[in-house]
Amino acid sequence: MEEVFLWRGSTEQRRLRSLVGKTGRFSYFNRQLDFPDWSGKLVLDFGGNEGNLLLDHNCTIRPEDYYCLDVINEALETGRRRFPRAHWVHYNHYNCSFNPEGIEGLPLPDLGVEFDMILAYSVFTHTTREEMHNLVEQLRARLAPGGTLAFTFIDPHYNSWPETYRGNNLRWRLERFHQTNHSFKIDDLWQQSRGAQWCALVNGSELHVNGNGSWSNEVETCLSYNVYYSVGFFRKEFPYATIRPPVNGEMQHCCLIRTPGSAGILPANLEERHF
Ligand SMILES: C[S@@+](CC[C@H](N)C(=O)[O-])C[C@H]1O[C@@H](n2cnc3c(N)ncnc32)[C@H](O)[C@@H]1O
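Residues numbered from 1 in each chain as written. Predicted model: local features only at pLDDT ≥ 70, side-chain atom pairs only at ≥ 80, totals over all residues. Heavy atoms only, no water.

### Quick notes on the side chain of asparagine 49
Here asparagine 49 lies in the loop between β1 (43–46) and α4 (52–55). Classification of asparagine 49 as buried rests on a relative accessible area of 6%. Other than its neighbours up to four places away in sequence, asparagine 49 contacts Glu3, Trp7, Lys22, Cys68, Asp70, Ile72, Ala75, Leu76 and Trp88. (Helix = DSSP H or I, 4+ residues; strand = E, 2+ residues; numbered from the N terminus. Buried < 20%, exposed > 50% of the residue type's maximum accessible area, 1.4 Å probe, protein only. Contact = heavy atoms within 4.5 Å.)

### Re the domain arrangement of the chain
Domain annotation for the chain reports domain 1 (22–153 + 240–258) and domain 2 (169–229). Contact with domain 1, which involves 15 residues of that partner, is made by 14 residues of domain 2. Summing both sides of the interface, domain 1 and domain 2 together bury roughly 1,300 Å²; the carbon and sulfur share of this comes to 58%. Interface area lost by domain 1 to domain 2 is led by Cys96, Arg129 and Met251, which between them contribute 37%. Counting across the interface, domain 1 meets domain 2 through zero salt bridges. Inspection of the domain 1/domain 2 interface yields seven residue pairs in polar contact (both at pLDDT 80 or more). For the side of domain 1 that touches domain 2, the leading source of residues is helix α6 (residues 129–140), giving three residues. Of the residues that constitute the side of domain 1 that touches domain 2, the class distribution is seven nonpolar, five polar and three charged. (Domains from an automatic or database assignment. Buried area = accessible area lost by both parts, 1.4 Å probe. Salt bridge = Lys/Arg side-chain N within 4 Å of Asp/Glu carboxyl O. Polar contact = N/O pair within 3.5 Å; in protein donor to acceptor, adjacent residues only side chain to side chain. Nonpolar A, V, L, I, M, F, W, Y, C, P; charged D, E, K, R; others polar.)

### Considering helix α8 (residues 186–193)
Within the sequence span of α8, burial applies to Ile186, Leu189 and Ser193. With its buried residues spanning 75° around the axis, α8 presents them on a single face. On its buried face, α8 is in contact with α7 (169–178) and β7 (206–209). Immediately downstream of α8, the backbone of glycine 195 shows phi near 80°, a positive value. (Arc of directions from axis to C-beta.)

### Quick notes on the sheet that holds strand β10 (residues 253–258)
Judged by pairing direction, the sheet is mixed, and its seven strands sit side by side in the order β3-β2-β1-β4-β5-β10-β9 without closing on themselves. Single-partner strands in this sheet number two, and they are β3 (87–90) and β9 (242–244). Across the sheet, the axes of successive neighbouring strands diverge by a mean angle of 20°, strand direction being ignored. Each of β4 (115–120), β5 (143–153), β9 and β10 touches helix α3 (residues 25–32); the most contacted strand, β10, lies at about 60° to it. Strand contacts of helix α5 (residues 73–82): β2 (66–70) and β3, with the helix running at about 170° to β3, the strand carrying the most contacts. (Pairing = 2+ DSSP bridges. Axes fitted to C-alpha atoms, helices over the stretch in contact; angles between N-to-C directions.)

### Some remarks on the side chain of histidine 253
The residue histidine 253 is located in strand β10 in this model. Of the residues examined, histidine 253 reaches a relative accessible area of 4% and is grouped as buried. Setting aside its immediate chain neighbours within four residues, histidine 253 contacts Tyr28, Phe151, Thr152, Phe153, Asp155, Tyr158, Val231, Ile243, Arg244, Pro245 and Pro246.

### What to know about the nonpolar core
In this structure, Phe46, Phe124, Phe151, Phe234, Phe238 and Cys255 are the most contacted members of the largest nonpolar core, which totals 38 residues. The residue makeup of this core includes at least three contributed by each of domain 1 (22–153 + 240–258) and domain 2 (169–229). Apart from residues no more than four positions distant in its own chain, phenylalanine 124 is found in contact with Phe46, Met132, Leu135, Val136, Leu139, Phe151, Val227 and Tyr229. Within the second largest apolar cluster, 23 residues are counted, among which are Leu54, Tyr66, Ala86 and Trp88. (Core = buried A, V, L, I, M, F, W, Y, C linked by side-chain atoms within 4.5 Å.)

### Describing the site of the ligand
Near the ligand lie 19 residues; those nearest to it are Arg25, Gly47, Asn49, Asn52 and Asp70. Take tyrosine 121: an N or O atom from its main chain is 2.9 Å from a nitrogen atom of the ligand. Protein chains shield 97% of the accessible area of the ligand, which is 590 Å² for the free molecule. For the shell around the ligand, the class distribution of residues is eight nonpolar, seven polar and four charged. (Near = heavy atom within 4 Å. Areas by Shrake-Rupley, 256 points an atom, 1.4 Å probe, with all protein chains shown as cover.)

As structure tokens, this is what we get:
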């Protein structure tokens, strides 16, 4: 089920929240960042929800070094109950799906520290392209010297599981939505997406090619919003970044942006590697 329904969906959907396991977040970034030494590193989990990074059994980030920023207050409260020594900060920024009553363009709050790592898993897969750029620029400014910003995106044309599934990432999602919504034809949307540099899927059935799309009544209804970017397009969007393919059997690519170290040198364990 789409994450947003666990928070803004029907009572029945919200009840499923505690049953949905979100494991592997730390392991994902640990591998994408080439297994850095996390000890004493200050980490911001942007869009961290209820602290899924800390919930990963392999996680070596100390709760006191962990900061979570999210638009859902309820998720932060759950995280705070589990890990009271971590830092949980509400960011009332508009998101058409997760926080439609939030404030558009609200600047990032000042957390009083600079971060060694800023991680965002599956956050910019649910924002408009402009919101992504705006937030990425603000997040970059919060990095300590030598720090890394790592965030994920999904390539619609990439096949994440070639051994077990023949379609691409977008098709997989369309098939999932189609299980509960027969108002569209999978093949029609899939054909429209061919060659798209990027696309947005509103409510699982309205595909907008090379655009954010449009929506209405997002306050009254729970809207699902999924944005996809091809790797080629993302490279043009963030020419100074390193893009890495999915790891650990996941479908999300990772975009890495670093600040120079204090001597203007890139962190030793993060040499440039392009795919
Ligand atoms: C699909 S969930 C992923 C949650 C978590 N990162 C994980 O890996 O399980 C997307 C999260 O991004 C949050 N989010 C969306 N827009 C945001 C924004 N502008 N600022 C902070 N968080 C945001 C949502 O509230 C939600 O918790």
